[in-house]
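Structural characterization, general
If you want the building blocks of each chain, they are given just below.
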Amino acid sequence: MSTNSKPNLAGLSLAKLRDLFVGMGEKPFRAEQVMKWIHQRGVLELDAMTDISKPLRERLQQTTCIELPRLVEEFASEDGSRKWIVQVASGSSVEMVFIPEADRGTLCVSSQAGCTLDCSFCATGKQGFNSNLSVAEIIGQLWWANHHLGGFKGPLERPVSNVVMMGMGEPLLNFESVMDAVNIMMEDVAYGLSKRKVTISTSGVVPAIDRLKDFTDASLAISLHAPNDILRSQIMPINRKYPIKELLRSVKGYMDSLSDNRVPVIEYTLIAGINDHRQLARDLAVLLKDFACKINLIPFNPFALSDYRRPSNSSISNFRQILQEAGFIVTVRTTRADDIGAACGQLVGIVADQTQRNSRHIERKLRAETGAKEFDSADNLAIAADSV
Ligand code: SAH
Ligand code: SF4
């Protein structure tokens, strides 16, 4: 968390670190040195950076800072997953989750405290919105995970092999900071993650997807969740502004700009009785007929403020089968870490909400439970769509 206005060395991309050193009359390679200390070796004290001369360290001491978000709590799941909560400068807390699997370790990173978009199935959306995270607050989550998992011990220790920007918030509504943070993740002299293993998940902020290719070549996941605009606009207000056709056009543009033949992941959260009907699977297959992609089905994860339910296992496998028979590669995300409230869409942190959406959702839920008239959420949807 940055408490002063000095540049924070932990939150500068390699290009910005170079500019800083050149601006100080120093050689640009100092940037690589500092980046290695902070992001490869996990060192935050300038005095320990022994390949930098003492006078330069003293100048840096006076003119810069090295600050990360404060780690406030840690949870361990029975399945080996871990969740950490960090406090950010705005006073809110955000969550990140580490999911170990046989062949990889995935860190799910947050980009905002809350989210402005209010998708009807998402706990983060119900929290309202407080702030965008800074670069240091985003990359700091990877730093802390490495710190706790032994990732700074040497080049062979790589507990976090994959990062997904699927924690709290909409990454493409915090564009500049997310771009710098993912580029630090992929930087050889920092975490050195492959572009195939850093994934930005978006609900579909089309103008930002259109700009993406000028800033990064990270992988992309799209939260689609419905095969037609009527249903998608009901559960994802952002669709009213950027409908499906525009979204797919924009995603194709980004994929075409990449130098390899990667395809995007289409995420589809299956909610009982809302978007899990077999006909919708058939419609999805038609919609994506000429669109190269993989499909990831996510069984809905319940949370307190939602009345939605997870479909039965047989509905999930029917939905999957229809898509597979149409020729798609389909995976079903296994639910991990829900004993510590860390499954997809359950991340909430503590958000000092600025939108009052959270209190309205709580009131609506209370009214529904006491049999009073259901709250009309149209005004919420309008607010969310306007804030894009
Ligand atoms: N804002 C971005 C990234 C964060 S959400 C986005 O929307 O893509 C990460 C993924 O979790 C998205 O695909 C989202 O739709 C899904 N998700 C949200 N709430 C969920 C829930 N309750 N159960 C299952 N998946 C959920
Ligand atoms: Fe925001 Fe993503 Fe949740 Fe929608 S699913 S409210 S975009 S975090």
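Refer to the preceding data block for the structure.
Structure report, in brief. (Residues numbered from 1 in each chain as written. Chains lettered and ligands numbered in written order. Predicted model: local features only at pLDDT ≥ 70, side-chain atom pairs only at ≥ 80, totals over all residues.)

Considering the nonpolar core
Counting 98 residues, the largest nonpolar core has Leu107, Ile139, Leu142, Val163 and Met185 as its most contacted members. Considering each element in turn, this core owes the most residues, eight residues, to helix H5 (residues 135-149). Two domains each donate at least three residues to this core, and these are domain 1 (9-63) and domain 2 (70-387). Apart from the residues within four sequence positions on either side, Leu107 is in contact with Met96, Phe98, Leu142, Ala145, Val160 and Val163. (Core = buried A, V, L, I, M, F, W, Y, C linked by C-beta atoms within 7 Å. Buried ≥ 20, exposed ≤ 12 C-beta atoms within 10 Å, placed from the backbone. Helix = DSSP H or I, 4+ residues; strand = E, 2+ residues; numbered from the N terminus. Domains from an automatic or database assignment. Contact = placed C-beta atoms within 7 Å.)

Focus on helix H11 (residues 278-287)
Every buried residue of H11 is accounted for by Leu280, Ala281 and Leu284. One side of H11 holds all its buried residues, which, seen down the axis, span an arc of 105 degrees. Those residues of H11 that are exposed and aimed more than 90 degrees away from the buried face are Arg278, Gln279 and Val286. Elements in contact with the buried residues of H11: helix H12 (313-325). (Arc of directions from axis to C-beta.)

Points about the packing of H5 against helix H6 (residues 175-186)
Running from amino to carboxyl end, H5 crosses H6 at an angle of 35 degrees, the nearest separation of the two axes being 8 Å. Judged by the sense of rotation from one axis to the other, the crossing of H5 with H6 is right-handed. Only Ser177, Val178, Asp180, Ala181, Ile184 and Met185 of H6 make contact with H5, whose side of the interface consists of Val135, Ile138, Ile139 and Leu142. Looking at side-chain class alone, the contact of H5 with H6 contains eight nonpolar, one polar and one charged residues. (Axes fitted to C-alpha atoms, helices over the stretch in contact; angles between N-to-C directions. Left-handed = near helix turned anticlockwise from the far one by under 90°. Nonpolar A, V, L, I, M, F, W, Y, C, P; charged D, E, K, R; others polar.)

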